[in-house]
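What follows is the residue order along each chain.
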Amino acid sequence: MVPQLSPVDTPVAEHKQGCLGQLELFPHLTNAEFDEACSTLLRRFEMHGRRQVEWNAVESLSSSETTYLRITKPLALQLDLPGTGDDNEEAELREDDDEVAETPASSRAVSHYDVVLSPAYRVPVLYFSISDTLHRYPPTMEMLYSALVPPAFKAQAEHVGVIGGITITDHPVTNKPVFFIHPCRTAEVMEASVGGRNITAYDYLLLWIGAFGKCVGLNVPLTLVDRKND
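Definitions and limits used
All chains use their own residue numbering, which begins from 1 and follows the written sequence. The predicted nature of this model means local features are confined to residues of pLDDT at least 70 and side-chain atom pairs, given and counted, to a pLDDT of 80 or more, with totals for whole chains, interfaces and linings taken over all residues. In computing side-chain values, all of the structure's heavy atoms are included and hydrogens and water are not. For the purposes of this entry, the term helix denotes a DSSP run of H or I that reaches at least four residues, the term strand denotes a run of E that reaches at least two, and both are numbered from the N terminus. The classification of residues rests on relative accessible area computed with a 1.4 Å probe and restricted to protein chains. Under 20% of the type maximum is buried, over 50% is exposed, and intermediate values are partly exposed. Here an axis means a line fitted to C-alpha atoms, over the contact stretch when the element is a helix, while the angle between two N-to-C directions is reported on a 0 to 180 degree scale. Relative orientations are named as follows: roughly parallel for angles under 35 degrees, roughly antiparallel for angles over 145 degrees, roughly perpendicular for angles from 65 to 115 degrees, and oblique for any other angle. In this scheme, a crossing is called left-handed if the near helix is turned counterclockwise away from the far one by less than a right angle; it is called right-handed if the turn is clockwise. In what follows, residue pairs with any heavy atoms lying within 4.5 Å of each other are defined as contacts. Following the grouping adopted for this structure description, the nonpolar residues are Ala, Val, Leu, Ile, Met, Phe, Trp, Tyr, Cys and Pro, the charged ones are Asp, Glu, Lys and Arg, and the polar ones are all others, Gly among them. Side-chain atoms within 4.5 Å are what join buried Ala, Val, Leu, Ile, Met, Phe, Trp, Tyr and Cys residues into a set we call a nonpolar core. A score from 0 to 100, pLDDT tells how confident the predictor is in each residue. Aromatic pairing here means that ring centres of Phe, Tyr or Trp (its six-membered ring) are within 6.5 Å. Orientation follows from the plane angle: under 30 degrees is stacked, over 60 is edge-to-face, and everything else is tilted. For two strands to be treated as a pair, DSSP must find at least two bridges joining them. One speaks of a salt bridge when a side-chain nitrogen belonging to Lys or Arg is within 4 Å of a carboxyl oxygen belonging to Asp or Glu.

### Regarding the overall build of the chain
The helix and strand inventory of the chain stands at six helices and six strands. Secondary structure elements in the chain, listed N-terminal to C-terminal, are α-β-β-α-β-β-α-α-β-β-α-α. Scored against the burial criterion, the 230 residues of the chain give a buried share of 43%.

### Quick notes on the packing of helix H5 (residues 186-194) against helix H6 (residues 201-212)
Where H5 meets H6, the axes come as close as 10 Å, and the angle between the chain directions of the two elements is 110°. Put simply, H5 runs roughly perpendicular to H6. Crossing of H5 against H6: the hand is right-handed. Of the residues in H6, those in contact with Thr186, Val189, Met190, Ser193 and Val194 of H5 are Tyr204, Leu207, Trp208, Ala211 and Phe212. A breakdown of the residues in the contact of H5 with H6 according to their chemical character gives eight nonpolar, two polar and no charged.

### Some remarks on the side chain of Thr72
Locating Thr72 in the fold gives a position in strand E2 (residues 66-74). Relative accessible area serves as the criterion here: at 8%, Thr72 is assigned to the buried category.

### A closer look at the nonpolar core
Ranked by size, the top nonpolar core spans 52 residues in total, and within it Leu41, Trp55, Leu126, Phe128, Tyr204, Trp208 and Ile209 carry the most contacts. In terms of residue count, the dominant contributor to this core is H6 (nine residues). In this view, Trp55 contacts Leu41, Phe45, Ile71, Thr72, Lys73, Ile209, Leu218, Asn219, Val220, Pro221 and Leu224; residues no more than four positions away in its chain are not counted.

### Thoughts on the confidence of the model for the chain
For the chain, per-residue confidence averages 81 on the pLDDT scale, and residues scoring 70 or more make up 74% of the total. Helix H2 (residues 87-101) is the least confidently modelled element of the chain, averaging 46 in pLDDT, while strand E3 (residues 110-117) averages 98, the highest of any element. In the model, residues 1-6 has pLDDT below 50 throughout and makes eleven contacts with residues more than four positions away in sequence or in other chains. Across residues 8-20 the pLDDT falls below 50, and counting only partners more than four positions away or on other chains, this stretch makes 22 contacts in the model.

### Remarks on the packing of aromatic side chains
Enumeration according to the criterion identifies six aromatic pairs in this entry. Taken together, the aromatic side chains of Tyr113, Phe128 and Phe179 make up a single cluster linked through ring pairs.

### A word on the pairing of strand E6 (residues 177-181)
When you tally the buried positions in E6, you get four out of five residues, the bulk of the element. Summarising the sheet, strand E4 (residues 124-131) and E6 pair through two bridges and their orientation is antiparallel. By the bridge assignment for E6, Phe128 is matched with Phe179. Bridging between strand E5 (residues 166-170) and E6 involves five bridges; their strand directions are antiparallel.

### Notes on the pattern of salt bridges
Within the structure shown, the criterion is met by two salt bridges. Asp114 is the partner of Arg70 in a salt bridge, and the nearest nitrogen-oxygen pair spans 2.8 Å. One end of the pair, Arg70, is in strand E2; the other, Asp114, is in strand E3, with 44 residues separating them in the sequence. Across the pair Asp132 and Arg136 runs a salt bridge, and its minimum N-O distance is 2.8 Å. For Asp132, a relative accessible area of 9% gives the class buried. Judged by relative accessible area, Arg136 falls into the partly exposed class, the value being 28%.

Written as structure tokens, this is what we have:
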């Protein structure tokens, strides 16, 4: 059961001095700061995206009054097919694997990670799903742990811990069922991650992806972090 903590109301008069750096409402974000962070990530991906292979694309998508960031990357983990102990069947499975490896890029599954600014919590929220033209990856919690959560993070993801709870919900824009990380702990995690340093909105976004994305297969390519590439 994901804890439903109350959203925070953060008027400008209550922001925290000495830890906000260039951010007005740290550890929360204004709409302008979120847009700035997303624009910077888009620009850096356009400049340096060809120097990495972790991400396929970074896009800014809009619908109604909501603009959000979408990161697309190859699906890192493959489905575990149950073994039967039959040598012939195992051989057939190996042949099937070879065929999958040779399938065109259009039929390969990818992961979509959508970053949406919560209007209540004033922090980014991660909504993520698997896009597969062959429909092999249904949006179930079993599939979450089989195909998206790296083995090293399964124990952490299965329990409501530092990052909050992971569950299935409707996407706030597309209304399709997706996985998401509840934002109840985000402000707390960001305060601990920043540790009083002065940071920009882009720094905030990178730290946030590092803190919340890694447990579900999303890591920031080093070329987007290294300012020497600019």
